[in-house]
Amino acid sequence: FVRFDWNAGNTAADVVVLDQNNGNAEVRFAASMSEDAHTATCTADAYTVYTATYGEHSDSKTVTVENSKLPHSYAFDSFIWAADNTSADVKLVCANCPAETTVEASMSEDAHTATCTADAYTVYTATYGEHSDSKTVTVENSKLPHSYAFDSFIWSADNTSADVKLVCANCPAETTVEASMSEDAHTATCTADAYTVYTATYGEHSDSKTITVAGTAGHTPAAAVTEHEMPAACTTAGSYDTVVYCTACGEEISRETHTVPAGHVAGASVTENETPAACTAAGSYDTVVYCTACGEELSRETHTVPAKGHTWGAWETVTPATEDETGLEKRVCAACGEEETRALPALGEIVTKTVRFINIARMHYEIDDEGGEPFYVYNSSAVTWTSGRPLRFKAVCYSNFTYDEIVIYANGTELTPDEEGWYTLPKNSEFVTVTAVGAMTDETAPKGRLTFWEMLLRLIRRIISFFTSIGR
């Protein structure tokens with residue numbers, strides 16, 4: 001196969017091939033033909049597609065019938081109004097294709113003059129066959145002014161002020177304006193309430209409302225006076241009247257008769273039969289009340305005074321305690337000289353410690369001895385001292401905290417320091433707590449905070465001590 005050779009009208013074609021048996025000479029013969037005809041539309045001419053085929057080879061040519069398009073079939077689509085809505089065009093669309101066109105619509109108008117409530121306006125109507133559409137064009141701010149006249153007064157809820165209702169003579173429109181107000185006040189009397197007359201005025205029209213202050217009528221009471229007074233005696237009742245008169249008209253408003261019961265006039269209590277209390281024996285005394293008018297005894301009450309209890313002096317050591325033997329100490333009552341003794345526990349090997357408050361994040365204390373390893377207990381927690389030796393320690397402030405006092409508790413009992421400020425904690429004691437009463441930050445005090453590196457060093461020392469104790 002070489003090619004297809006089409007005729008001048010592109011309606012038929014020959015096939016040109018090479019004859020390999022005849023020195024590749026060209027051989028020509030008619031191709032197999034087919035055609036596909038298309039009729040004209042509104043937008044396209046009629047045309048036919050001719051196709052030549054030879055084996056697996058094919059070629060096509062399109063032959064168009066020039067100027068064979070069909071005319072459009074236009075129908076109504078819509079109105080296109082001008083910007084001022086006073087005229088319109090008609091949009092027509094072809095029923096057979098998307099083509100469209102416009103023509104002028106037939107126009108009519110209906111004009112309306114302005115009134116009190118409406119601007120002047122004109123209704124423009126566009127018509128095309130049986131189709132129509134209307135637009136209303138309003139002349140803005142062309143309303144006529146209202147012709148208002150008096151209708152009525154509109155009073156406020158409390159009847160102290162009023163508006164005037166005005167109604168237009170040409171339409172139902174209405175408005176309100178404030179009325180001109182006047183008032184005439186009348187004060188209350190003994191028999192009439194106070195009242196005020198409020199009058200609203202508009203031109204030749206007026207109306208009035210009266211507001212009464214209920215409950216304002218009545219007498220003005222003066223201070224009560226005493227009349228017909230008869231004094232009471234120790235055994236005879238008396239009486240008197242309290243009378244209230246009106247300060248305006250003098251009329252008696254009220255009278256009340258009071259009875260004064262008979263009775264003694266109690267004097268101040270006196271003390272009799274007084275027996276002082278001792279350290280171990282209770283005392284007593286009587287409190288007696290007599291009538292100041294006739295001297296009769298009105299009451300007598302006996303009171304017991306509890307025993308005072310001993311006034312103990314300070315504990316004094318009689319026999320000092322040793323490491324193995326208990327000691328003895330005594331104290332003497334300053335009032336009666338009675339003595340009381342108690343044992344001093346054996347000291348064993350005394351351990352001396354120091355308690356220091358340190359301001360790190362929150363307040364806590366540490367117990368430390370010279371050259372020994374410290375241990376820390378946060379404030380409000382407890383430590384158990386289980387050593388077989390007593391613990392002797394001091395509690396001191398070592399940071400920027402001030403406090404009223406330091407209180408030490410062991411087994412729920414407050415410990416008392418000796419003259420030098422040392423506390424002694426018995427061996428195997430439990431639940432030892434330290435409290436700084438009234439503790440607060442003192443910004444002016446020297447800072448006693450441990451640095452980060454000091455804290456780290458202390459932690460390392462404790463870890464080493466812990467593992468050393470395990471090794472032992």
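Presented here is an overview of the structure given in this document. Nothing here was measured: the structure is a model prediction, and the numbers come from that model.

Conventions used here
Starting from 1, residues in each chain are numbered consecutively following that chain's sequence as written. Given that this is a predicted model, residues contribute local features only at a pLDDT of at least 70 and side-chain atom pairs are listed and counted only at 80 or more, while totals for whole chains, interfaces and linings are drawn from all residues. To obtain the side-chain values, all non-hydrogen atoms of the structure were included, while hydrogens and water were left out. Strands are labelled as partners when DSSP assigns at least two bridges between them. Starting at the N terminus, helices and strands are each numbered in turn, a helix being any DSSP run of H or I of at least four residues and a strand any DSSP run of E of at least two. In this analysis, axes come from line fits to C-alpha atoms, helices being fitted only over the stretch in contact, and the angle between any two N-to-C directions falls in the range 0 to 180 degrees. Three exposure classes are used, based on accessible area relative to the maximum for each residue type with a 1.4 Å probe and protein chains only: buried under 20%, partly exposed in between, and exposed over 50%. Residues count as neighbours in contact if any of their non-hydrogen atoms are within 4.5 Å of one another. Only rings of Phe, Tyr and Trp enter the pairing, Trp through its six-membered ring, and a pair is recorded when the two centres are within 6.5 Å. The plane angle decides the type: under 30 degrees is stacked, over 60 is edge-to-face, the rest tilted. In this scheme, the term charge over a ring applies when either NZ of a lysine or CZ of an arginine sits within 6 Å of the ring centre and within 35 degrees of the ring normal. Any carboxyl oxygen of Asp or Glu that lies within 4 Å of a side-chain nitrogen of Lys or Arg is treated as forming a salt bridge with it. Patch definition: residues above 30% relative accessible area lacking any salt bridge, with like charges linked at up to 9 Å and the nonpolar side chains Val, Leu, Ile, Met, Phe, Trp and Tyr linked at up to 5 Å. With residues, only the protein chains shown are counted as cover, and all accessible areas are computed by Shrake-Rupley using a 1.4 Å probe.

## A look at the sheet that holds strand 27 (residues 339–344)
- Pairing is antiparallel across the open sheet formed by 3 strands, whose spatial order is 25-26-27. The open sheet is flanked by strand 25 (316–319) and strand 27, the only strands paired with a single partner. The sheet shows a mean angle of 35° between the axes of neighbouring strands, taken without regard to direction.
- By the bridge criterion, 6 bridges tie strand 26 (residues 327–332) to strand 27 in an arrangement that is antiparallel. Its bridge partner being in strand 27, valine 332 is matched across the sheet by glutamate 339.

## Regarding the pairing of strand 15 (residues 174–178)
- Alignment of strand 14 (residues 162–168) against strand 15, held across 5 bridges, turns out to be antiparallel. Each bridged residue has a counterpart across the sheet, and for aspartate 163 the counterpart in strand 15 is glutamate 178.

## Comments concerning the environment of glutamate 183
- Counting through the fold element by element, glutamate 183 comes out in strand 16 (residues 180–186).
- Take glutamate 183: its relative accessible area is 57%, and that puts it in the exposed class.
- Distance in space between the C-alpha atoms of glutamate 183 and threonine 210 is 9.5 Å, their sequence separation being 27 residues.
- Look past the residues within four positions of glutamate 183 in its chain and what remains in contact with it is Thr196, Val197 and Tyr198.

## Describing the packing of aromatic side chains
- A complete count under the given rule lists 7 aromatic pairs for this structure.
- Between the aromatic rings of phenylalanine 150 and tyrosine 202, the centroid separation amounts to 6.1 Å while the plane-to-plane angle is 20°, which identifies the pairing as stacked. One end of the pair, phenylalanine 150, is in strand 13 (residues 148–155); the other, tyrosine 202, is in strand 17 (residues 194–202), and 52 residues separate them in sequence.
- In this structure phenylalanine 150 comes out as partly exposed when scored by relative accessible area, which is 26%.
- Among the aromatic residues, those joined into a cluster by ring pairs are Phe1, Phe4, Phe29 and Tyr54.
- One Lys or Arg, arginine 342, reaches over the ring of tryptophan 315 and ends 4.0 Å from the middle of that ring.

## Focus on the sheet that holds strand 4 (residues 32–38)
- Spatial ordering of the open sheet is given by 4-5-6, a layout of 3 strands whose pairing is antiparallel. Every other strand in the sheet has two partners, leaving strand 4 and strand 6 (57–65) as the edge strands with one partner each. Direction aside, the axes of adjacent strands within the sheet are offset by 20° on average.
- Bridge count between strand 4 and strand 5 (residues 46–54): 7 bridges; the pairing is antiparallel. The partner of serine 34 across the bridge, within strand 5, is threonine 51.

## Observations concerning the pattern of salt bridges
- Inspection of the entire model under this criterion finds 19 salt bridges.
- The residue arginine 28 makes a salt bridge to aspartate 14 at a minimum N-O spacing of 3.9 Å. Remark: aspartate 14 occurs in strand 2 (residues 13–19) and arginine 28 occurs in strand 3 (residues 25–30); sequence separation between them is 14 residues.
- Accessibility expressed as a relative area gives 45% for arginine 28, which makes it partly exposed.
- By relative accessible area, aspartate 14 is classed as partly exposed at 27%.
- Look at the salt bridges and you will find they share partners, linking Arg3, Asp5, Asp14, Glu26 and Arg28 into a network.

## Description of the pairing of strand 13
- Taken together, the 7 bridges between strand 13 and strand 14 define a ladder with antiparallel strand orientation. Bridge pairing links serine 152 to lysine 165 in strand 14.

## Considering a nonpolar patch on the surface
- Taken together, the side chains of Phe1, Val27, Phe29 and Tyr54 define a hydrophobic patch exposed on the protein surface, amounting to about 310 Å² of accessible area.
- Residue position: valine 27 is located in strand 3.
- Residue valine 27 is classed as partly exposed on the basis of its relative accessible area, which comes to 33%.

## Describing the side chain of threonine 196
- Mapped onto the secondary structure, threonine 196 falls in strand 17.
- With residues up to four places along the chain from it excluded, the contact list for threonine 196 reads Glu183, Asp184, Ala185, Lys209, Thr210 and Ile211.

## Remarks on the side chain of threonine 48
- Mapped onto the fold, threonine 48 is located in strand 5.
- Threonine 48 sits in the buried class, given a relative accessible area of 14%.
- Once residues within four sequence positions are removed from consideration, threonine 48 is found in contact with Glu35, Asp36, Ala37, Lys61, Thr62 and Val63.

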